[in-house]
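Report on the structure
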Amino acid sequence: MSNTNSRGFTSNLGAILAAAGGAVGLGNIWRFPYMLGQNGGGAFLLVYILFVLMIGIPLMMTEFIIGRRSQRNVVGAYKTLGGKQKGWVLLGIFGIVAAFLIYAFYSVVAGWTLNYLVMSCRGQLAGLPPEEVANVFSTFTQGSFWPLFFQLIFLVMTGLVITMGVQKGIEKVGKILMPVLFLLLILMCVRSLTLSGSHQGMSFLFKPDFSKLTGQSILSALGQSFFSLSIGMGAMVTYGSYIRKEDRLFKTSIWIALCDLLVAVLAGIVIFPAVFAFGMDPASGPELVYVVLPNVFNNMPAGTLFAVIFFLLLAIAALTSTISLLEIIVAFGVEELHWKRSTASLVGTILVFVVGVFCTLSFGPLKDVKIFDRTIFEFFDLITASYLMPIGALLMTIFLGWCYPKVEVKDELSNNGTLKVRAFELYYIILRYIAPLALIAIIISGIVG
Ligand code: TRP
């Protein structure tokens with residue numbers, strides 16, 4: 001595999017936007033608001049921000065170091081850096097499997113965004129009473145043909161972008177769609193903040209009430225920060241291998257994490273003022289954006305227009321994330337199995353769809369199929385976000401912090417000693433001690449609670 005610059009991103013900005021696209025996704029606009037709503041608001045936000053800064057950024061740097069040092073996909077990376085310790089290859093394979101499982105259930109919700117985009121464009125949600133809006137959601141998600149159709153469209157769009165390559169596909173799409181996403185998000189914020197009664201939502205979001213914080217909600221904030229930053233299963237290892245040798249990994253990670261955080265906060269500013277202004281329930285769970293928001297749109301002036309903007313925004317965010325999920329798999333196919341990029345995209349997409357069908361149907365025809373008391377979709381969501389990502393991240397910190405030479409880590413982070421990395425010792429303490437302990441706490445709490 002050549003490791004010249006022609007292999008990866010052409011600029012630092014391109015790298016930041018592509019990786020921020022991978023991080024910013026349904027996790028920010030769909031999952032974060034409902035988690036915050038269920039965990040009491042402002043205090044959750046504060047804890048979340050703390051985790052992103054203290055643990056999220058160092059772990060993102062860790063993935064970038066592994067990727068850029070090895071110049072390889074996630075399996076190749078552990079093969080190369082693990083050297084004689086051959087067992088680490090398993091961690092790479094673990095990443096590929098996790099990417100498959102996440103992609104399978106993530107593409108279900110991604111498909112929903114397209115359906116809602118089409119419905120909003122056709123004005124099909126406008127003017128419906130709340131029970132009808134809820135009905136539309138359950139009828140649609142419990143069906144077979146349409147949810148599968150939209151899921152497949154999403155998978156095909158993602159596959160096409162990946163087939164176009166790292167520079168002409170991933171980087172280009174990131175450079176175009178991320179600014180569009182920010183613009184649409186700001187438009188939505190302005191709309192939401194100009195609603196009368198919006199201040200209540202703002203206090204819910206920004207005035208912390210620490211009495212609402214429980215051990216469980218602190219751990220949810222930690223888990224959400226990993227999910228949102230896409231840490232723990234090799235997405236950032238893969239993208240790290242495309243970052244130019246002269247770019248600063250520290251600065252790059254900070255920018256990506258701040259973009260991700262900003263989008264989550266802005267999504268909160270879009271959703272909560274509107275939810276409170278119309279007396280809806282902020283703690284309604286995963287249905288928040290699909291059932292609660294359409295009612296909100298129905299009550300506001302120019303609601304249809306804002307519904308279209310919102311679901312377009314959600315679809316864009318989901319697409320840049322599915323791109324990074326498929327790239328984990330395709331980079332492996334191309335570099336380890338020596339497949340053509342187009343073949344790898346096609347095979348990856350077909351395999352994910354085969355598994356994804358079960359996730360989609362688990363809302364309807366297969367809803368009685370339970371694994372450990374959960375539907376297939378819920379099971380995939382749970383094992384990936386609560387177990388595979390934290391376990392993957394834990395093993396990664398053990399690898400880089402304990403089994404790989406410290407001088408090499410420092411060498412990669414400082415671009416072969418050409419940069420001063422003053423915070424290196426702090427980073428290394430987090431890598432060796434703080435992050436693993438936090439991760440063990442999440443994993444145990446997941447098992448116990
Ligand atoms: N971070 C993505 C989001 O916020 C979801 C995600 C989790 C992800 N793990 C990933 C995306 C791995 C790409 C790769 O929606």
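Whatever comes next refers back to the structure up there.
Each chain carries its own residue numbering, running from 1 in the written order of its sequence. Reporting of local features is limited, given that this is a predicted model, to residues whose pLDDT is at least 70; pairs of side-chain atoms are given and counted only at 80 or more, and all residues count toward the totals for whole chains, interfaces and linings. Based on all heavy atoms of the structure, the side-chain values leave hydrogens and waters out of the count.

Regarding the site of the ligand
Proximity is defined per residue: any heavy atom of the residue falling within 4 Å of a molecule or strand makes that residue near it. For the ligand, the set of nearby residues contains 17 residues, the closest of which are Gly27, Tyr106, Phe227, Ser230 and Ser324. The term polar contact refers here to a pair of N or O atoms within 3.5 Å; inside protein, the definition further demands a hydrogen-donor-capable atom paired with an acceptor-capable atom, and it admits residues adjacent in sequence only when both atoms are side-chain atoms. Measuring from an oxygen atom of the ligand, one finds a backbone N or O atom of Leu26 at 3.1 Å. In the environment of the ligand, an oxygen atom lies 2.5 Å from a nitrogen or oxygen atom belonging to the side chain of Tyr106. Relative to its unbound accessible area of 360 Å², the ligand is 100% covered by the protein chains. Of all the secondary-structure elements, those providing two or more residues to the shell around the ligand are helix 1 (12-23), helix 2 (26-38), helix 5 (89-121), helix 10 (215-229) and helix 14 (303-336). Counted by class, the shell around the ligand contains 9 nonpolar, 8 polar and no charged residues. In this description, accessible areas are obtained by the Shrake-Rupley approach with a 1.4 Å probe, and a residue is regarded as covered only by the protein chains that are shown. A run of H or I in DSSP becomes a helix once it reaches four residues, and a run of E becomes a strand once it reaches two; helices and strands are each numbered from the N terminus. Only Asp, Glu, Lys and Arg are considered charged, only Ala, Val, Leu, Ile, Met, Phe, Trp, Tyr, Cys and Pro nonpolar, and every remaining residue, Gly among them, polar.

What about the pattern of salt bridges?
Here a salt bridge means any side-chain nitrogen of Lys or Arg lying within 4 Å of a carboxyl oxygen belonging to Asp or Glu. The full count for this structure, using the stated rule, is 14 salt bridges. For Glu425, the salt bridge goes to Lys406, with nearest N and O atoms at 3.2 Å. Of this pair, Glu425 sits in helix 18 (residues 424-448) while Lys406 is found in helix 17 (residues 406-413), placing the two residues 19 residues apart along the sequence. Residue classification places Glu425 among the partly exposed positions, given a relative accessible area of 42%. One continuous salt-bridge network, built from bridges that share partners, spans Arg68, Arg69, Lys245, Glu408, Asp411 and Glu412. To sort residues, take the accessible area from a 1.4 Å probe on protein chains only and compare it with the maximum for the residue type: under 20% means buried, over 50% means exposed, and anything in between is partly exposed.

A short note on a nonpolar patch on the surface
Like-charged residues are merged into a patch within 9 Å and nonpolar side chains (Val, Leu, Ile, Met, Phe, Trp, Tyr) within 5 Å, provided each residue has over 30% relative accessible area and no salt bridge. A surface patch of nonpolar side chains, amounting to about 750 Å² of accessible area, comprises Leu50, Leu53, Met54, Leu258, Trp402, Ile429, Tyr433 and Ile434. Turning to its location among the elements, Tyr433 is positioned in helix 18. For Tyr433, a relative accessible area of 43% translates into the label partly exposed.

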